[in-house]
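Here's the letter readout for the chains.
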2 protein chains.
Amino acid sequence: MTQRTRLVAAGAVMLLTMSSTAPAFGDEGMWLFNAPPLKQLQEKYQFEPDAKWLDHVQKSSVRFNSGGSGSFVSATGLVMTNHHVGAGDLQKASTLEKNYLRDGFHAKTPADEIKCEALELNVLQSIENVTEQVTAAVKADLAPAEAFQARQAKIGQIEKAASDDAKHVRADVVTLFAGGQYHLYVYKKYTDIRIVFAPEKAVAFFGGDPDNFEYPRYDLDICFFRVYENDKPVAPAHYLKWSEAGTTENELIFVSGHPGRTTRQNTVAELEYQRDTGYPYLLQRLFRGEVLLNSWTQRSAANMQKGEEDLFGIQNSRKARIGGLQGLLDPKLMARKMAEEKRLREFVTSRGYLNGVRTPAETAAIGNPAAAFDTIAAAEKLRATMINDATLIGNGSAFNSAYFGYARTLVRAAAEKPKPAAERLPEFGDARLKSLEEALFTKEPHFDDFEMLKLADSLTAFANQYGANDALVKQVLAGKSPRDRAAELVGGTKVKDPAVRRKLYEGGQAAVDAAADPMIDLAKLVDAKAREVRKAFETTVDEPKRQAYAALAKARYALDGTNTYPDATFTLRLSYGTVKGYTEDGKPVPAYTTMDGLYARSAEQGNKYPFELPPRWVERKAKLNLSTPFNFVSTADIIGGNSGSPVVNKKGEVVGIIFDGNIQSLVLDFVYDQEQARAVSVDSRAIVEALAKVYDAAGLVTELTGK
Amino acid sequence: MTQRTRLVAAGAVMLLTMSSTAPAFGDEGMWLFNAPPLKQLQEKYQFEPDAKWLDHVQKSSVRFNSGGSGSFVSATGLVMTNHHVGAGDLQKASTLEKNYLRDGFHAKTPADEIKCEALELNVLQSIENVTEQVTAAVKADLAPAEAFQARQAKIGQIEKAASDDAKHVRADVVTLFAGGQYHLYVYKKYTDIRIVFAPEKAVAFFGGDPDNFEYPRYDLDICFFRVYENDKPVAPAHYLKWSEAGTTENELIFVSGHPGRTTRQNTVAELEYQRDTGYPYLLQRLFRGEVLLNSWTQRSAANMQKGEEDLFGIQNSRKARIGGLQGLLDPKLMARKMAEEKRLREFVTSRGYLNGVRTPAETAAIGNPAAAFDTIAAAEKLRATMINDATLIGNGSAFNSAYFGYARTLVRAAAEKPKPAAERLPEFGDARLKSLEEALFTKEPHFDDFEMLKLADSLTAFANQYGANDALVKQVLAGKSPRDRAAELVGGTKVKDPAVRRKLYEGGQAAVDAAADPMIDLAKLVDAKAREVRKAFETTVDEPKRQAYAALAKARYALDGTNTYPDATFTLRLSYGTVKGYTEDGKPVPAYTTMDGLYARSAEQGNKYPFELPPRWVERKAKLNLSTPFNFVSTADIIGGNSGSPVVNKKGEVVGIIFDGNIQSLVLDFVYDQEQARAVSVDSRAIVEALAKVYDAAGLVTELTGK
């Protein structure tokens, strides 16, 4: 495979002269660790990281399965991430009396560290290209549903062979280039994670939703965990050294993290679907959720504690999606995507590609790349008609309660576990079952009033979307108003108890059938339809698209060679760039802010929420060196999921931690922009300054810096 | 006509024995002042208000054209209403330096009173039944569009004949019983209204959105204005005396105000439309607006000042609609409406009604009442398909900016004013032109950044609803993103200047054509489509429904006689009830709260926004009699628009002021409920206690109480 790629790439170099649009520019790219941008770095920055550098940074990087990035930063298992990545864990660890999310937390001794519920960290150990194995399993004449099944079965086999629960080895086959390549990622998996330190939310998320995605910023968005094995802190093979010197403007930096999802390879048809259907639909759900949680959390401090993390998550998505949508609605951006697509269309229909580069076998295998555009366009049309079914019933958003999620897992586990591994739903595959069980048996606390609120609202939205006279709506509501029905379901279910869940899971179909639990009954009631919807989506939308994108990806390879990177997949990537300010509305926005600016911004906003400083920050102001750089921006190419990624210098030292992008970066989902789009980080210098002088955390400072 | 109605009503008394469901119960009803519930009051409360009592209360009652109610409460033109009714005016009167909405206002001398921009108050002088004149103008064989035109023309004539701008007489023909009756309401119109007193928003709207529609409550939701004519305070012919004694539990009280809109006569088909389409659609727009304004107002204190009133209005609607929707989704409520409809269906198809009561001429005039149900059901189906066009283009919600509103009015005025009065759009009718001009030439300040925010968002929603490739969307956006286009329109338009608006209005079509103004050009671009949509809606939905509802209304008359009242129409109505607590979740909710409770609720919420007390209230606590009743609930039948309505006792004295309903009252849109639904008022005793001891407003207290 490697061989063939090279050949194709070579052919592409000659063909490149045909093209009018350069494929990548500036500091673009979320590069694979097994295909790093060595050439670009050498050309632009005269720096070529060697294999040792790459291996060190890779194995120091950490993925949070709750959705974020981090890094080992000490010899005794200390992991740094963002406060907002750790927020869910801080909330779970809190009680109505002790609110660690709001007030911060500091374990002065190891014994004070708090173990997290259902948190899993992954550290990438190796990458193997398994494209040939996976594609060989899918015969060219298979119907989409069978092709999907065959591929899933093969992936399940590969994952199972590579994983080892006893040794805490997790293995995922990652679909890259939309099916153009499959790589096996093998991780070291950690599940005993303890909270070490978090600042107050008021300074971690200073400026709240209003300042989110804005710059200049003044956020100490950090959080420290410690990784344990066998009840002892691990000594990681690799961890990043701390830079007390930080960066200077224009310095080359790297970001090693787990960007979640980009759609840069999407065809114009898919972008138009997103613009006219996908984003508006999602936004309408986010608006609804934000209003629900905002009004409820304000009723009391207890409500706020129960709901604020969900609220923050929704607000964050909403702001990100609005920014992205504005990009999709910008004809300039769309014109750029159209030009890119035209270039690819011209290439795939060119004689050079159709007759010269590809072998007849390849043509048979990958189909006609030009037809792929139409296949995708047709799939997007279909997708638009399925959005309600897929979201509300397929994903279960109509039944928005953690209790329903447990009930559905139990109902499906009873049906799936007895099947041969290859025939199960992917999440019940052998390699993934352990993670699924950990999530099912979590002791994470839930609150009936909060579950009822969410469930009543989602049942209302469900009735609205289908109409209250719809047969399934009537069955689900069972003659009651959404509120009364939600009260009945939440009040009556026993799946809120982890012990009951374990019993039902272990008891299999017989136990589930005998449960006499209203939430289990609901999950059963909708399961046939939910599976049907999911299957229809996978076989008539996902699978044709996967094959079409794979064909286009091959063509793009042929055109651009290794001068490219796949869309983000919540797997480890390397980005690079320089520390650099930008210009907005004709005014320069400097690269760095300082601690002084934090106090100024708070004063300017009347010290009121969400610009109110924690008391400790007010008291310790005089002790601080106020000219300490606080946050900074860089041109590195990042996206959601990069939160908590370490920013490292050429020496591989931590100089900061990614926590946000500016508002102009919200189009990075579709296209990279070097002019204004910026990644926003906390400066390593601010972190030690705050730990030492605000939090009296001398022990932590020593652990980080050795001083 | 009066004669005939009586006959029909008399016939109905005999038929009543047929019916199984009582038509009205408890303290139900928003009664017309020319058809008050004398019988009910006599039977239940042994009190029959005489003509003098009714005339006095009627002429003391005031309508705010900004959407609310109030009353004259002194011999020198003092009008009391809610803080939230006056909030728009307080905001307009404020500057970025002086925030009267937030901080309150108190004019110690008449010279300090602040004149409001574009505020009009109406005081109802007389009611005349003009049903016969209006219906005679609509010949039985007219097509819907012509029938609509003929009726509008007749209404315009009647209004013009009765109104007199020079004497500040306004005349509106009000459509009652969905077209079953037409009454001419003649008002004294006041346009020189000045702000006298308002408390801080923090106590007027204590508890904010979280406590809105909840009870117990502790809100001083009051505001005083003074009405001027010829630059002198008016001496109203009628004003309400102040009750310092207030009420006692179970005391009979009256509410005289302007309920905006109820839909209690709606057929089940229309309620199902509202449940499955109308409410969900509106709510989705409200969710969007709330998120937009919430995030923007939090960016800075200046933003908050510009946007908070719009935000409050949206939050209030959102909470009200969610409550109403929950009622519509309650099968018990819908079953009640179905039973009511069955009773009416059985009656209209009964031989007694079809052959006995009606004359052949009546049958010809009102059609077949049974067929009316189908007509309405068909119209609702059509309406669901028109909702986007009607809302976004017809109502102009796609172009959500005050500047667009001005531009549309200017474009239409140029076309409408040269036409004969009978052919104009109703809002350009002779009787209404003056009010329209006042609204157009208002000096109300606007803010470009805020207008841009709203316009960019609504253009985005517009593009989302129709798809960015839609021809009209493309024309509207003119090759730009919604944000860039909004910036261009708001930045470029000159209609933001009242002088420019006046010039364009007076210059007519030639001036408008020569304006070269981007917002005028936009209004022109969409006007053909907007008029077309409006006309289609009026003739294919509104008019058939109007005729069908009129037929049903006649039948209901025949069935229930005068034992009924029309749906609310933002015209003066009389409700009654008693001061009474209720039971919620098995616990009693007492009728009254006290001032003590205000401090307790604030403390319980950590004195934090929106439960933070103004400094003055903290300082003066010791001076207050904390057992003073603060808010109270009653069974009176109210709805939005009743805000600011005086609550009067049998002697016609003010004992309180309506400012809210509890959460259980949100179904009153569709059905009355005496068990839990309650109107919430500020107690007259709390008002003078606060004026005297917190605000040092001895002058106001003397003006109210004579002491």
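Cut-off values and rules
- Residues numbered from 1 in each chain as written.
- Chains lettered and ligands numbered in written order.
- Predicted model: local features only at pLDDT ≥ 70, side-chain atom pairs only at ≥ 80, totals over all residues.
- Heavy atoms only, no water.
- Axes fitted to C-alpha atoms, helices over the stretch in contact; angles between N-to-C directions.
- Helix = DSSP H or I, 4+ residues; strand = E, 2+ residues; numbered from the N terminus.
- Parallel < 35°, antiparallel > 145°, perpendicular 65-115°, else oblique.
- Left-handed = near helix turned anticlockwise from the far one by under 90°.
- Contact = heavy atoms within 4.5 Å.
- Nonpolar A, V, L, I, M, F, W, Y, C, P; charged D, E, K, R; others polar.
- Least-squares fit on C-alpha atoms with pLDDT ≥ 70 in both.
- Buried < 20%, exposed > 50% of the residue type's maximum accessible area, 1.4 Å probe, protein only.
- Pairing = 2+ DSSP bridges.
- Expected span 1.5 Å × (residues − 1).
- Bend = angle between axes of the 7 residues up to and from the residue.

**With respect to the packing of helix α16 (residues 402-416) of chain A against helix α22 (residues 518-560) of chain A**
Residue and element names in this part refer to chain A.
Here is step 1: Their axes nearest at 9 Å, the elements α16 and α22 cross at an angle of 70°. Taken together, the axes of α16 and α22 lie roughly perpendicular to each other. With respect to the hand of their crossing, α16 and α22 are arranged in right-handed fashion. Of the residues in α22, those touching α16 at Y403, F404, A407, R408, L410, V411, R412, A415 and E416 are M519, I520, L522, A523, K524, V526, D527, A530, R531 and R534.
Here is step 2: Residue composition of the contact of α16 with α22, by class: 12 nonpolar, no polar and seven charged.

**Things to note about the relation of the copies chain A and chain B**
The operation relating the pair of chain copies consists of a rotation about an axis and a translation along that axis.
Here is step 1: Structural alignment of chain A on chain B gives an RMSD of 0.1 Å, achieved by rotating through 180° and translating 0.0 Å along the axis. When the rotation and shift are considered jointly, the pair of chain copies conforms to a two-fold rotation axis. In terms of proximity to the rotation axis, the leading residue of chain A is F287 of chain A, whose C-alpha is 2.7 Å off the axis.

**Looking at the pairing of strand β13 (residues 252-257) of chain B**
One face of the sheet, then the other: side chains in a regular strand alternate in exactly this way.
All names here are of chain B.
Here is step 1: In terms of residue burial, β13 counts as a mostly covered element, since six of its six residues are buried.
Here is step 2: Going residue by residue along β13, you find L252, F254 and S256 tucked away on one face and I253, V255 and G257 tucked away on the opposite face as well.
Here is step 3: Inspection of the sheet shows β13 paired to strand β14 (residues 573-578) by six bridges, in the antiparallel sense. Residue pairing in the sheet places V255 in a bridge with S575 of β14.
Here is step 4: The pairing of β13 with strand β19 (residues 646-648) spans two bridges and is antiparallel. Bridged to F254 within β19 is V648.

**Focus on helix α11 (residues 301-328) of chain A**
Here is step 1: Counted at 1.5 Å a residue, the expected span for α11 of chain A with its 28 residues is 40 Å, and the 39 Å between its end C-alpha atoms agrees.
Here is step 2: G307 of chain A marks where α11 of chain A bends most, by close to 55°.

**Quick notes on the environment of G156 of chain B**
All names here are of chain B.
Here is step 1: Mapped onto the secondary structure, G156 falls in helix α7 (residues 144-162).
Here is step 2: Judged by relative accessible area, which is 30%, G156 ranks as partly exposed.
Here is step 3: Separated by 273 residues in sequence, G156 and G429 have C-alpha atoms that sit 6.2 Å apart.

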